[in-house]
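Spelled out, the chains give:
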Amino acid sequence: MPTTDEKKLTLDAVIVGAGFAGLYMLYRLRGLGLSAGVFEAGKGVGGTWYWNRYPGARCDVESMDYSYSFSDELQQEWRWTERYSAQPEILKYINHVADRFDLRRDITLETRVTSAVFDEAASRWTVRTDRGHDISAQFCIMATGCLSSTQEPKFERLESFTGKWYHTGRWPHEGVDFTGQRVGVIGTGSSAIQSIPIIAAQAKRLFVFQRTPNYSVPAHNAPLDPEYEKIVKANYAEFRRQARESRVGFVMEKNDASALEVAPDVRAREYETRWKRGGLGFSSTFNDILFNQAANQTAADFFGAKIRSIVRDPVVADTLTPKTYPLGTKRLCVDTNYYATFNRDNVTLVDLRKTPIERITPDGLRTSKQDYQLDSIVFAIGFDAMTGALLAVDIRGRGGRTLRDKWAEGPKTYLGLSMAGFPNLFTITGPGSPSVLSNMIVSIEQHADWIADCIDYLRTNGRRSIEAMADAENEWVQHVNDVGHMTLYPQANSWYMGANIPGKPRIFMPYIGGVGVYRQRCDEVTAKGYEGFTLA
Ligand SMILES: Cc1cc2nc3c(=O)[nH]c(=O)nc-3n(C[C@H](O)[C@H](O)[C@H](O)COP(=O)(O)OP(=O)(O)OC[C@H]3O[C@@H](n4cnc5c(N)ncnc54)[C@H](O)[C@@H]3O)c2cc1C
């Protein structure tokens, strides 16, 4: 791509976003000899790990899994220091990848893509940015991230607050020192659960404002065991193969028994073992936890007992115990000292179900019961997940139809990769693919590989465009929905369902059929000459 500040460009492909997905997509397209340019709103590469710098931010899929697999040299030479790496280390890794593979020369930072319009006559996309770029490209690839569009705080009179407020997903680069402060954290999802123990240790007082409690499993994070690292690195190819064929993109110990078939003491022992091991594997302790309400209840009961054994105040323990949705149907969290933090004298839990926030005040906030004096407010209120970043771009396909219009009743895609009416437009980890239910780097690599292979196929076969057929798309949407409803997931008001965003259609957006099964399906589509697509 021209390195000058040229604004009128002609490229083979535009890639939107420079997180894990955008970087790998660029690497692949360059390998095919295409001219490709990445446009990224942030001042640096890294996506999630560029923006989410809140205290305690780290991955909850282990680092030996949560890393690129495309280069054996890279995976052999890079050394993670912890079982679950912290944000600064992951960001360093992504920057290392950008340098090691000389990716930066095709990345334009601090540039937001505002629109992408399909020109039917030319069969090309016109992509525009907030810095005046006007790019003509044959392919447009949205690597915009499932969790990159933050949910903005919409509390009455927020502008009147005289202290400072922060969003965990847009944390200041210089960090925040809460020493001596009265701090309020609003929200108790994954970001809050990671940051609360650290903020509590620093602040004078911490008020945690909770609407819905979450299930959180201990991480048992530790320095990476050098023996384990050696074993994995000696067998990395096989380790990655198993991850690709697994259900969630990393290998969790499976148990083919039902929670309801085993004796109560056996069941309790199994849960205890998983709890001690820590991490996301807890939800696969038995094979029916996510499918059967009664089985799920046994896990929930174990959890409740754990919370009661950690948290001294029974009322606080009860408030922290989820009761309104099955375990695992909202994203399971992974923490270090989360529940124990509520034993600290300087920490207060406020139940917003009983006393909702009425408004922000100049010196804190007011619930229906009382005023809280705060120096800082941390909004840990999450993201407009999966569709937010895509719909923020004015995307217009065939006949000028907007994506917003097409998705008015919820996202519709073929394989989470493409859409009828939007030729040569691809979405990496789009709705209708395993995406957020998986180790996302595995899913990202699979999508970027599929897209690169597809583009290569089109070029070598003299085709200009590929477009999902409406029937194939409808069938896929139905299938995603059917599989989702075989599980307990749709029972929760989760961000998987779009339920955290007022007015967003309630659809279970990710594909829960499993990473391995999904990959097979995508490969079959390719093997059958792009079944379900029209090639022109
Ligand atoms: C705190 C946190 C922890 C996580 N931990 C894990 C984990 O342990 N395991 C896991 O599998 N997943 C995890 N995830 C999910 C994580 O988002 C993915 O793993 C992965 O980083 C996504 O990469 P991506 O490139 O697809 O998207 P992102 O990293 O979100 O990158 C997308 C980029 O696109 C840019 N962008 C968006 N719209 C535009 C536009 N219009 N113009 C220009 N640029 C644009 C954004 O600025 C962003 O930089 C976590 C997410 C969060 C928020």
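Structural data are supplied above this passage.
All values derive from a computational prediction rather than experimental measurement. (Residues numbered from 1 in each chain as written. Predicted model: local features only at pLDDT ≥ 70, side-chain atom pairs only at ≥ 80, totals over all residues. Heavy atoms only, no water.)

J.: I would appreciate a short explanation of the overall build of the protein in the present structure.
T.: Of the regular secondary structure elements, the protein holds 16 helices and 20 strands. Against the 2.2 N^0.38 benchmark of 24 Å for 536 residues, the protein shows a C-alpha radius of gyration of 23 Å, consistent with a compact globule. The principal-axis extents of the C-alpha atoms in the protein amount to approximately 70 × 55 × 45 Å. Buried positions account for 59% of the 536 residues belonging to the protein. Contacts spanning at least 24 positions in sequence make up 72% of the contacts within the protein whose residues lie at least 6 apart. Across the protein, 63 positive and 63 negative side-chain charges occur, with their mean positions spaced 3 Å apart. (Helix = DSSP H or I, 4+ residues; strand = E, 2+ residues; numbered from the N terminus. Rg over C-alpha atoms; globule rule 2.2 N^0.38 Å. Buried < 20%, exposed > 50% of the residue type's maximum accessible area, 1.4 Å probe, protein only. Contact = heavy atoms within 4.5 Å. Lys, Arg positive; Asp, Glu negative; His and termini not counted. Charge placed at Lys NZ, Arg CZ, Asp CG, Glu CD.)

J.: Help me understand the state of the cysteines, please; the structure alone is not making it clear to me.
T.: Each disulfide is one covalent bond, formed between the sulfur atoms of two cysteines. A full pass over the atoms with the stated rule returns 0 disulfides. In this model C146 remains outside any disulfide bridge; the closest cysteine sulfur is found in C522, 15 Å from its own. Among the cysteines around C454, which has no disulfide bond, C522 carries the closest sulfur, lying 11 Å off. (Disulfide = S-S within 2.5 Å.)

J.: Sorry if this is basic, but what is going on with the site of the ligand here?
T.: E40, T48, D60, Y66 and M440 are the nearest of the 32 residues found near the ligand. Interatomic distance of 2.6 Å between a backbone N/O atom of D60 and an oxygen atom of the ligand. At 2.9 Å, a backbone N or O of V113 approaches a nitrogen atom of the ligand. Elements with a minimum of two residues in the shell around the ligand: helix 1 (20-31), helix 2 (48-51) and helix 14 (440-460). For the shell around the ligand, the element with the highest residue contribution is helix 2, accounting for 3 residues. Classifying every residue of the shell around the ligand by side-chain character gives 18 nonpolar, 11 polar and 3 charged. (Near = heavy atom within 4 Å. Polar contact = N/O pair within 3.5 Å; in protein donor to acceptor, adjacent residues only side chain to side chain. Nonpolar A, V, L, I, M, F, W, Y, C, P; charged D, E, K, R; others polar.)

J.: Whenever I open this one, the nonpolar core confuses me. Can you help?
T.: The tendency in soluble globular proteins is for nonpolar side chains to be buried as a group. With 134 residues, the main nonpolar core has F20, L29, F282, W450 and F533 as its most contacted residues. Take this core: its biggest share by element is 10 residues, from helix 14. If near-sequence neighbours (up to four positions away) are discounted, L29 is found in contact with A13, I15, L34, A36, I141, A452 and I455. Listed in part, the 22 residues of the second largest apolar core include C140, M142, L390 and L425. (Core = buried A, V, L, I, M, F, W, Y, C linked by side-chain atoms within 4.5 Å.)

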